[in-house]
Structure formats: C-alpha cells, structure tokens
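Chain residues, written in single-letter form:
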Amino acid sequence: MATTPFVGMMTKGGSRTVLITGVSKGLGRALAVELAKKGHTVIGCARTQEKLLSLQSELPNSDNHLFLNVDVKSNSSVEELARVVVEKKGVPDIIVNNAGTINKNNKIWEVPPEEFENVIDTNVKGVTNMLRHFIPLMIPSKQGIIVNMSSGWGRSGAALVAPYCASKWAVEGLSRSVAKELPDGMAIVALNPGVINTEMLASCFGSSASLYQAPDTWALKAATMILNLTGADNGASLTV
C-alpha cells in the first residue's frame, strides 16, 4: 500500500496534482491555468517570482496551488524543489517538463558558446535534473506520468536553430531510454506541442508567429491529452 505522500487520483475524487516547470509564460502558463480550471492542483516553478505570484493570484482556489522560484539548470535548486513539493503536496501524479529556451537564429558557427550552453543546460540538463530527483519518489508506488516537452524540431532539423534541434532530439532519446528503466505502471513520454504562437516561436518566425494558435487554445486540448496518459503510453513520442 502506498504511504501518505503518494496521494493519487483515486483518493482525490479524480483531481490530480500536476507539477509544471517553466510555468511563468507561454505553454506552461496556459497549461497551468487550464488544469486549475479543471479542478486540478498545480505546482509550478519558474525563475521569475513576480510572474509566479501573478499567475497564482489568477487561478481558481489559488491557495490550493504551490508556486516556487526554481532554476531547473541547477541540480541543487531542483533537489530543493523536490523536498518542498513532497513536504507540502506529496508526490505529483504528473510532471510536465516544460521549461525551455531557444537560441537566436544563427548558423551554428555563429552561435556564442554561452548561448549554446544555455540551451543545452535548460532543455536537456534541466529535464535530467527533474528526472533525477522525482523518479525515485514515484517508483515506490509505481505510479506517475512524466511528460517531457519536445518539438517537431526534435524529430527533424531546421537551419539557424541547430542548438535547439539538438536539445529536443536529446529529449526524445532521453525519454525513450528512461522509459526502459521505469517499473510497470509509470510512463515517460516526449510530447511535441505543435506550432504555437509563443515568444519562442516569434524569435524564429517573427511576425508570422501570430498566424498560429494561441497557447490558451492549445492548452484546452493539451490538458485533456496529458490527463489521459497512462502507463500504456510509456516510451511514446506523441503530438498534441
């Protein structure tokens, strides 16, 4: 029998506890709002405290949610996140590793080393830090869904965004490999959100980014899809 921290959906009337990284803007923010509207508990983290407070104040039942200032690039920061989350909310039912960044459009030989490192550290090491500290918490109950946000560019290539493509290909490979290490009942998937009008897209597409759907529209479908994932989806590469 699971111990107290492992509070799952069966004991909470169908509501889930969902941890989302990079929750202060874009897809993470939209997903947090949608999940809260559906009655689920949101644990969000990001690096901007002001934006976290603003988001929490907008959510229904704002006191039910937990928002923390975390830098996923830092292993110690994620380690502290795991400690606080378990203490205050128990082990999450679902984790969405959404925090990500992209390089400025540039040929690979013109991308500054620091910029390349920031993309890899956020998009790959950030996900790995989350897996390192949260998977061991989920294993005893053999429950938990982990969604690693990927990209269409994690399954193809594009000029001028090679660092980003490399990072998302890494997320795809990492997800498939870790899937083979999880016990039955758990699942880790790579999820391509599709093309959404976010700041990140605008940095690549310019004004034409506005031709694509808004994050809040995307979140309507994405939230339902994520909530319906089960252990049978372990290792899958999915698209919203």
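Residues numbered from 1 in each chain as written. Predicted model: local features only at pLDDT ≥ 70, side-chain atom pairs only at ≥ 80, totals over all residues. Heavy atoms only, no water.

S.K.: Help me understand the side chain of Asn129, please; the structure alone is not making it clear to me.
M.R.: With respect to the helices and strands, the residue Asn129 is situated in helix H4 (residues 113-138). Apart from residues lying up to four places away in sequence, Asn129 is in contact with Val72, Lys73, Ser74, Asn75 and Val78. (Helix = DSSP H or I, 4+ residues; strand = E, 2+ residues; numbered from the N terminus. Contact = heavy atoms within 4.5 Å.)

S.K.: Before we go on, may I ask you to explain the packing of helix H1 (residues 26-37) against helix H2 (residues 49-58) in this structure?
M.R.: Describing two packed helices takes the angle between their axes plus the distance from one axis to the other. Remark: H1 packs on H2, axes separated minimally by 10 Å, with the N-to-C direction vectors making an angle of 25°. Taken together, the axes of H1 and H2 are roughly parallel relative to one another. Considering the relative orientation of H1 and H2, their crossing is right-handed. Between H1, through Arg29, Ala32 and Val33, and H2, the contact on the second element is made entirely by Ser54, Leu55 and Glu58. (Axes fitted to C-alpha atoms, helices over the stretch in contact; angles between N-to-C directions. Parallel < 35°, antiparallel > 145°, perpendicular 65-115°, else oblique. Left-handed = near helix turned anticlockwise from the far one by under 90°.)

S.K.: How should I be thinking about the confidence of the model for the protein in this particular structure?
M.R.: Any residue range with low pLDDT should be treated as having predicted coordinates unsuitable for detailed reading. Predicted confidence across the protein gives a mean pLDDT of 93, with 95% of residues reaching 70 or more. Note that pLDDT drops below 50 for residues 1-13; the model gives that stretch 20 contacts with residues more than four away or on any other chain. (pLDDT = per-residue confidence, 0-100.)

S.K.: Is there a simple way to explain the packing of aromatic side chains in this structure?
M.R.: Each pair of aromatic rings is reported with the distance of its centres and the angle of its planes. Going through the model one piece at a time under the given rule, you end up with three aromatic pairs. When the centroid spacing of 6.2 Å and the interplanar angle of 80° are considered together, the rings of Trp153 and Tyr164 count as edge-to-face. Taken together, the positions of Trp153 in the loop between strand S5 (144-149) and helix H5 (162-179) and Tyr164 in helix H5 put the pair 11 residues apart, joining distant regions of the chain. Three or more aromatic residues link up through ring pairs in this structure, and these residues are Trp153, Tyr164, Phe205 and Tyr212. (Phe/Tyr/Trp six-rings, centres within 6.5 Å; stacked < 30°, edge-to-face > 60°.)

S.K.: What exactly am I supposed to notice about H1 here?
M.R.: Owing to its 3.6 residues per turn, the α-helix brings residues three or four apart onto one side. With 12 residues, H1 ought to run about 16 Å at 1.5 Å a step, and its terminal C-alpha atoms sit 17 Å apart, in line with that. When H1 is considered as a whole, its buried residues turn out to be Leu27, Gly28, Ala30, Leu31, Ala32, Glu34, Leu35 and Ala36. Packing partners of the buried residues in H1 comprise strand S1 (17-21), strand S2 (41-46), H2, strand S4 (94-97), S5 and helix H7 (215-227). Positive backbone phi, approximately 95°, marks Gly39, located one or two places after H1. (Expected span 1.5 Å × (residues − 1). Buried < 20%, exposed > 50% of the residue type's maximum accessible area, 1.4 Å probe, protein only.)

S.K.: So what exactly am I meant to see when it comes to the nonpolar core here?
M.R.: Within soluble globular proteins, side chains that are nonpolar generally end up buried alongside one another. Formed by 33 residues in total, the largest nonpolar core has its most connected members in Ile20, Val23, Leu31, Leu35, Val96, Val147 and Trp218. Among residues more than four places away in sequence, those in contact with Trp218 are Leu27, Leu31, Met149, Pro193, Ile196, Gln213 and Val240. With 27 residues, the next largest nonpolar core counts Val78, Ala82, Val91 and Ile146 among its residues. (Core = buried A, V, L, I, M, F, W, Y, C linked by side-chain atoms within 4.5 Å.)

S.K.: Explain the environment of Ala99 here, please?
M.R.: For Ala99, the location among the structural elements is in the loop between S4 and H4. Looking at Ala99, the relative accessible area reads 16%, which means it is buried. For the pair formed by Ala99 and His65, sequence separation is 34 residues and the distance between their alpha carbons is 18 Å. Leave out the neighbours within four places in its chain, and Ala99 touches Thr21, Gly22, Val72, Thr122 and Asn123.

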